[in-house]
Structures are given as C-alpha cells and as structure tokens.
Amino acid sequence: MNKFLFELGTEEIPAKMIEPALKQLESGFRKLLSESSVQAHGIHLYSSPRRLALLAEDLPHTQPDQQSTIIGPHERAARGHNGELTRAGEGFARQHGIPADQLEMIETDKGRYLGFEQVNPGLPLPAVLASGLGMVIAQIAWPRNMYWREGRFRFVRPIRWLVALWNGQIVDFEFEGIRSNRRSSGHRFLGAPEVEIPSPDRYVELLRENFVLVDAGQRRAKIERELAELTPGGCTVADDPELLELTCFLNEHPTAVLGQFESSFLKLPREILVTVMRHHQKYFAVIGDSEELQPFFVTVTNSAGDPDGRIRIGHERVLRARLEDAVFFWESDRKTKLEKRVESLARVTFQQELGSYLDKARRLQEICRRLSPDNQTLYQAALLCKTDLTTATVFEISELQGVMGGLYAREEGYPEDIW
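Residues numbered from 1 in each chain as written. Predicted model: local features only at pLDDT ≥ 70, side-chain atom pairs only at ≥ 80, totals over all residues. Heavy atoms only, no water.

## Some thoughts on the overall build of the chain
Consideration 1: Within the chain, the regular secondary structure consists of 14 helices and 18 strands.
Consideration 2: Radius of gyration (C-alpha) of the chain: 33 Å, far over the 22 Å computed for a compact globule of 419 residues.
Consideration 3: Along the three orthogonal principal directions, the C-alpha set of the chain runs to about 105 × 60 × 45 Å.
Consideration 4: The buried share among the 419 residues of the chain stands at 46%.
Consideration 5: Considering only contacts within the chain whose residues lie at least 6 apart along the sequence, 65% involve residues at least 24 apart. (Helix = DSSP H or I, 4+ residues; strand = E, 2+ residues; numbered from the N terminus. Rg over C-alpha atoms; globule rule 2.2 N^0.38 Å. Buried < 20%, exposed > 50% of the residue type's maximum accessible area, 1.4 Å probe, protein only. Contact = heavy atoms within 4.5 Å.)

Structure below.
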C-alpha cells in the first residue's frame, strides 16, 4: 500500500478561513478517489497560515478495472432474418473494433440491443491524481477571492508552490502555471525558503525542523502549555476558546510571551480592558484567584522566543497607547448624559428608507409599550439602548456597542433593570 502527500502553498490565509478550506480539500480529494472507485482509508490533514495539506495512507497502486456495457443498434436494425449482422451491426462492430463473434444481444428496459461488455484496465493511481488535483484546488470556495496574474484565476491568496508526492516520486501536474514538485517552504523568517521533502513520511518532521508546526493539534497544545507556564503565581489565563483557535491558525510556530501594563488601567471596566486586549491585539487576559483582572496579558507570536524582551516591550508599548485612548474615551463619554445623547441619534442613519436610529428607538419604545403598557423601566431602556452609538468608545471599539450603553447607564445611577 502507498502514501500520497499533497501540499498547497500560498501567501498567508486569513485564520478563520483555514479550517473550512481544509475540510473542502479533504472532501474534494475523497470525491476524486471515489469517482475512481478507490476507497480512502487514513487521511491526515495539516495546515498553517501558508499551507493546506493532506497525507493519505493505504492507497492501492491502481484503480480497479472498470467494466461497462456498450449498447449499439436495436436487434431489429442490427441483425437480418438470417441472423447475420446488418450494415448497421457491422458498422457498430467496426466503430468499436470488436469481432462480430464477441457481440451479443443485451436485454434493456426498452428491448434487446446489440452490444458487448467492455473492461477498461484501471489506471495507475498517480495518473488519476495528476489529472484530478487541479479540479480539487479550483473547487475550494472562499468567502473572498483575489487574482494576481493575467490568467485572472481567483483564489483567496496567491498560490506559490505545490507538493505532490506518491511515496518518494513526484506526481507531475501543473496548475495555474505552477508545476508540482517536492519543494515546500519553511517558516518565513526562521526556516529555509525551500525544504525538500523526500517522502510523505518526512513531511511533518522536516517542517518542524524549519519552525513550522503543520499539525494544528500540536500548535494548540503548545499554546495551552505556554499559557499555563507563563502566568504569574496565583494567576491563570482567562478561558477563551475562540481566541485560542484564532491564535492557533494565525501562527506557524506559536510562542507565548507574557507582558504587563500599569495597574492604574484596571480602573477601566473589565469589558473595555478585555475587548481592547482581545479584539484589537489578540491578547489573552490574566485573572487572579478571585476572577479579577490582573495587570498582565499573554500574546502569541509567530517566533521562536523573545530572549531579549524586545517583542514583549513592543507589545507593552502598543497596549499602553490603546489603553490610554480607552481611558480618554471612557472619561470624555461620561461627560455627556445618555438622555442628552438621544437627540444625537437623529444624525445616525439606521437604514435609508427606515430613517435614523432615533426613529428606530421610537419604534422600539412603541413595541415595548404595546407588549407591556405600564412598564416604564422597559420603556426607558428602549429609548436609551442605542445611545452608545454616539460615543467615542463605540466609534473606536465597535465590538462594545450595546455593552457601553449599559456601563454608562450604571455609572449614571440608573436601576439595574435598565443598565
């Protein structure tokens, strides 16, 4: 049995698009095998921001022989009264190069027809793969595409290399001007620009030596391990599975780095601090035993480490600037009460034919009045719930729309049912 390695090398793919594309690559490959009557047993999927890859094991040398029935003219037109072939029957035999004695009458739903059973020897599986891999690539659907050469073929990012190995032999094919070979690429800064892959068995190992962890599970485990090791005593990293997955697919060789920020920034609401770190910088927040935020963060970098602390210092400088902005927005926004912001919603368009956000707020009030006629708390909350769209904080950090209105309402002393 044989092994086949396929790697599609590209410029950096957006992290959230990698896993769906990898599943499509596997599906397309399985379909290619299935259409050739070959069963796929062990398929391993690999990926990084610059590559999609699969390694298939236990593949046969050739596809099975294909048997088909070739149908010719109807019995009445194929044979005369004496049983001899008519001119139509002889023409059918000549067309297919079949001796007359190998032809037979075949029963079908529409009657008896002249024909024969044909056996097509199975093709070598490398030939099948070479003819179908281009279609497998082309059928990967992306949310957004681009083109980068005159051919105008559209893909998520420019394709830079193709690795296709049947055991130790190259499966030769060309796609969009790129010919398959055995040359992959290491980490953009830490590894070799070209990595020769002698056989599928060496793929994971050789790329690891060039600072590319192609197994997403290994990258994820490395991040989790380093997050746990780096946090100060008595602290843990706030649970954030979505950010963990994002950083896993943002990096080829993820390395965690611990940073700090001034404790004075902890006066900001937790929602602002976490959002600034998470959404803007992809940082993990750090919490203490009492679940309170601590003045630390952990970032995951695409590097081998930070021995001289330059990466840490750079990230601390960037975060400090963002948090200073957040403090300014938080304090300046609070100078204008939410009730005064209501009329400002008239200048914020909701939808051209549906008016402004003030119109929307009034409609929400009317809905609330009809659902609960005497509920003044609900009525007031409906009026205020869009006002934070006029704040500087939401303008800069759009992920906090809706949240900030509640925080400002709490600061202004509104009842908890409202904020």
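## So, the environment of Leu 125
Consideration 1: Locating Leu 125 in the fold gives a position in helix H4 (residues 125–138).
Consideration 2: When its relative accessible area of 0% is taken as the criterion, Leu 125 is described as buried.
Consideration 3: Separated by 167 residues in the primary sequence, Leu 125 and Glu 292 have C-alpha atoms spaced 59 Å apart.
Consideration 4: Not counting residues up to four positions away in its chain, the partners in contact with Leu 125 are Leu 33, Val 38, Leu 59, Pro 60, His 61, Thr 62 and Trp 166.

## So, the packing of helix H1 (residues 15–35) against H4
Consideration 1: Two elements in contact, H1 and H4, have axes separated by 10 Å at closest approach and are oriented at 140 degrees. The angle between the axes of H1 and H4 places the two elements in the oblique class. As H1 packs across H4, the resulting crossing turns out to be right-handed. The segment H1 lies against H4, with Leu 25, Gly 28, Phe 29, Leu 32 and Leu 33 engaging Leu 125, Val 128, Leu 129, Gly 132, Leu 133 and Val 136.
Consideration 2: Of the residues belonging to the contact of H1 with H4, the class tally is 9 nonpolar, 2 polar and no charged. (Axes fitted to C-alpha atoms, helices over the stretch in contact; angles between N-to-C directions. Parallel < 35°, antiparallel > 145°, perpendicular 65-115°, else oblique. Left-handed = near helix turned anticlockwise from the far one by under 90°. Nonpolar A, V, L, I, M, F, W, Y, C, P; charged D, E, K, R; others polar.)

## Overview of the nonpolar core
Consideration 1: Ranked by size, the top nonpolar core spans 55 residues in total, and within it Phe 4, Phe 6 and Leu 52 carry the most contacts.
Consideration 2: The element best represented in this core is H1, accounting for 9 residues.
Consideration 3: Once residues lying within four places of it in the same chain are set aside, the contact partners of Phe 4 are Phe 29, Leu 54, Leu 55, Ala 56, Leu 59, Leu 129, Leu 133, Ala 164, Leu 165, Trp 166, Val 171 and Pro 200.
Consideration 4: With 35 residues, the next largest nonpolar core counts Phe 265, Met 277, Leu 319 and Trp 330 among its residues. (Core = buried A, V, L, I, M, F, W, Y, C linked by side-chain atoms within 4.5 Å.)

## Thoughts on the pattern of salt bridges
Consideration 1: Going through the model one piece at a time under the given rule, you end up with 27 salt bridges.
Consideration 2: Between Arg 188 and Glu 11 there is a salt bridge, with the nearest N and O atoms lying 3.0 Å from each other. Of the two residues, Arg 188 is situated in the loop between strand S11 (183–184) and strand S12 (195–196) and Glu 11 in the loop between strand S1 (2–10) and H1; the sequence distance between them amounts to 177 residues.
Consideration 3: On the accessibility criterion, Arg 188 (37% relative accessible area) is partly exposed.
Consideration 4: Arg 334 serves as the salt-bridge partner of Glu 411, at 3.4 Å between the closest nitrogen and oxygen. Of the two residues, Glu 411 sits in helix H14 (residues 403–411) while Arg 334 sits in the loop between helix H9 (310–333) and helix H10 (338–341), which places them 77 residues apart along the sequence.
Consideration 5: Of the residues examined, Glu 411 reaches a relative accessible area of 40% and is grouped as partly exposed. (Salt bridge = Lys/Arg side-chain N within 4 Å of Asp/Glu carboxyl O.)

## Some thoughts on the sheet that holds strand S4 (residues 66–74)
Consideration 1: In space, the 3 strands of this open sheet follow the order S4-S6-S5, with antiparallel pairing throughout. Edge positions in the sheet fall to S4 and strand S5 (104–108), since each of these pairs with one other strand and no more. Averaged over all adjacent pairs, the angle separating strand axes in this sheet is 50 degrees, with direction ignored.
Consideration 2: Its contacts with the sheet put helix H3 (residues 87–96) on S4 and strand S6 (111–120), and the angle it makes with S4 is roughly 150 degrees. (Pairing = 2+ DSSP bridges.)

## As for the packing of helix H8 (residues 270–281) against H9
Consideration 1: Where H8 contacts H9, the axes come no closer than 11 Å and their chain directions differ by 135 degrees. With respect to each other, H8 and H9 are oriented oblique. Crossing of H8 over H9 shows right-handed handedness. Listed contacts from H9 to Ile 272, Leu 273, Val 276, Met 277, His 280 and Gln 281 of H8 are Val 318, Leu 319, Arg 322, Leu 323, Ala 326 and Trp 330.
Consideration 2: Tallied by class, the residues present in the contact of H8 with H9 amount to 9 nonpolar, 2 polar and 1 charged.

## Quick notes on the sheet that holds strand S14 (residues 254–260)
Consideration 1: Taken together, the 4 strands give an open sheet; going across it, the order is S13-S15-S16-S14, and neighbouring strands pair in antiparallel fashion. Taken across any chain shown, the strands that pair with only one partner, and hence form the sheet edges, are strand S13 (236–237) and S14.
Consideration 2: Pairing between S13 and strand S15 (residues 284–287): 2 bridges, direction antiparallel. Note that in S15 the partner of Val 237 across the bridge is Val 286.

## A closer look at the side chain of Thr 247
Consideration 1: Mapped onto the fold, Thr 247 is located in helix H7 (residues 241–250).
Consideration 2: For Thr 247, the residues in contact, after removing those within four places along its chain, are Ile 223, Lys 282, Phe 284 and Val 300.

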